[in-house]
Amino acid sequence: MLMDLLSKVATTALLGFVVSSMMAMGVGFSVGQITDALRDVRLVLVALLANFVVMPLGALALDKMLRLDEPLGVGLLLLGAAAGAPFLPKLTELAKGNLPFAVGIMVLLAVGTVGYLPLVLPLLLPGINVDSKKIAGWLPLGSP
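A brief report on the enclosed structure follows.

Describing the overall build of the protein
Across its full length, the protein holds 7 helices and 0 strands. Along the chain direction, N to C, the helices and strands of the protein fall in the order α-α-α-α-α-α-α. At a minimum sequence separation of 6, the contacts of the protein that also span at least 24 residues come to 62%. Carbon and sulfur atoms make up 72% of the accessible area of the protein, which totals about 9600 Å².

Remarks on the packing of aromatic side chains
Across all of its chains, the model carries 1 aromatic pair by this definition. Consider the rings of Phe52 and Tyr116, whose centres lie 4.6 Å apart with planes at 50°: the pair is tilted. Taken together, the residues span a long stretch of sequence, with Phe52 in helix α3 (residues 41–66) and Tyr116 in helix α6 (residues 99–124) at a distance of 64 residues. Look at Phe52 and you get buried, because its relative accessible area is 14%. Taking relative accessible area as the criterion, Tyr116 reaches 15% and is therefore assigned buried.

Details of the pattern of salt bridges
This structure, assessed with the given rule, holds 1 salt bridge. Taking the shortest distance from any N to any O, the salt bridge between Arg39 and Asp36 comes out at 2.9 Å. For Asp36, a relative accessible area of 46% corresponds to the partly exposed category.

Things to note about helix α4 (residues 70–81)
One turn of the α-helix equals 3.6 residues, which is why residues spaced by three or four share an orientation. Under the 1.5 Å per step criterion, the end-to-end length of α4 is 16 Å for 12 residues, consistent within 8% with the ideal 16 Å. Three or more residues of α4 are buried, namely Gly73, Leu77, Gly80 and Ala81. Along the axis of α4, the buried positions cluster into a sector of 90°, meaning they face one direction only. Turned more than 90 degrees from where α4 packs its buried face, Pro71, Leu72 and Leu79 sit exposed. The inward-facing, buried residues of α4 abut α3 and α6.

Brief notes about the side chain of Thr113
Checked against the element boundaries, Thr113 lands in helix α6. Within polar-contact distance, the side chain of Thr113 engages the backbone nitrogen of Ala83 at 3.4 Å.

Some remarks on the nonpolar core
Ranked by size, the top nonpolar core spans 24 residues in total, and within it Phe101, Ile105, Leu109, Tyr116, Leu117 and Leu121 carry the most contacts. Elements with a contribution of two residues or more to this core: α2 (31–37), α3, α4 and α6. For this core, the leading source of residues is α6, giving 11 residues. Filtering out sequence-adjacent residues up to four positions away, Phe101 remains in contact with Ala37, Leu38, Leu43, Val44 and Ala47.

Criteria and thresholds
- Residues numbered from 1 in each chain as written.
- Predicted model: local features only at pLDDT ≥ 70, side-chain atom pairs only at ≥ 80, totals over all residues.
- Heavy atoms only, no water.
- Helix = DSSP H or I, 4+ residues; strand = E, 2+ residues; numbered from the N terminus.
- Contact = heavy atoms within 4.5 Å.
- Areas by Shrake-Rupley, 256 points an atom, 1.4 Å probe, with all protein chains shown as cover.
- Phe/Tyr/Trp six-rings, centres within 6.5 Å; stacked < 30°, edge-to-face > 60°.
- Buried < 20%, exposed > 50% of the residue type's maximum accessible area, 1.4 Å probe, protein only.
- Salt bridge = Lys/Arg side-chain N within 4 Å of Asp/Glu carboxyl O.
- Expected span 1.5 Å × (residues − 1).
- Arc of directions from axis to C-beta.
- Polar contact = N/O pair within 3.5 Å; in protein donor to acceptor, adjacent residues only side chain to side chain.
- Core = buried A, V, L, I, M, F, W, Y, C linked by side-chain atoms within 4.5 Å.

Below, the structure is given as structure tokens:
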């Protein structure tokens with residue numbers, strides 16, 4: 001029972017950290033600053049290609065090369081197909097990178113994942129059914 005409580009506290013704390021970090025990064029910029037940063041079409045396309053094509057294919061290749069047991073392979077494919085990482089803006093800040101672009105691309109990746117996973121996961125994992133509403137509920141942008 002104590003482990004269940006600690007697990008719930010840790011999950012809540014992690015979610016709070018991710019959401020508050022994203023909000024702190026995003027609140028510091030106007031919508032105009034974020035959209036201006038996303039005007040570099042080539043950079044946006046490269047980021048989307050890397051997250052929605054290269055990573056899932058890399059996860060699939062790694063799964064095949066390592067001959068992972070099914071649960072581990074499924075987990076790796078889920079991680080590879082779910083685009084972006086919620087701490088991307090924080091890493092960008094630490095690297096003194098283009099923070100408005102990081103915030104903007106994180107929003108694009110989060111929203112894109114909601115539509116992308118139901119299309120791609122059934123191709124990678126035959127027999128699986130994915131509900132966009134449930135994915136959106138776990139995103140900071142989604143509704144619970």
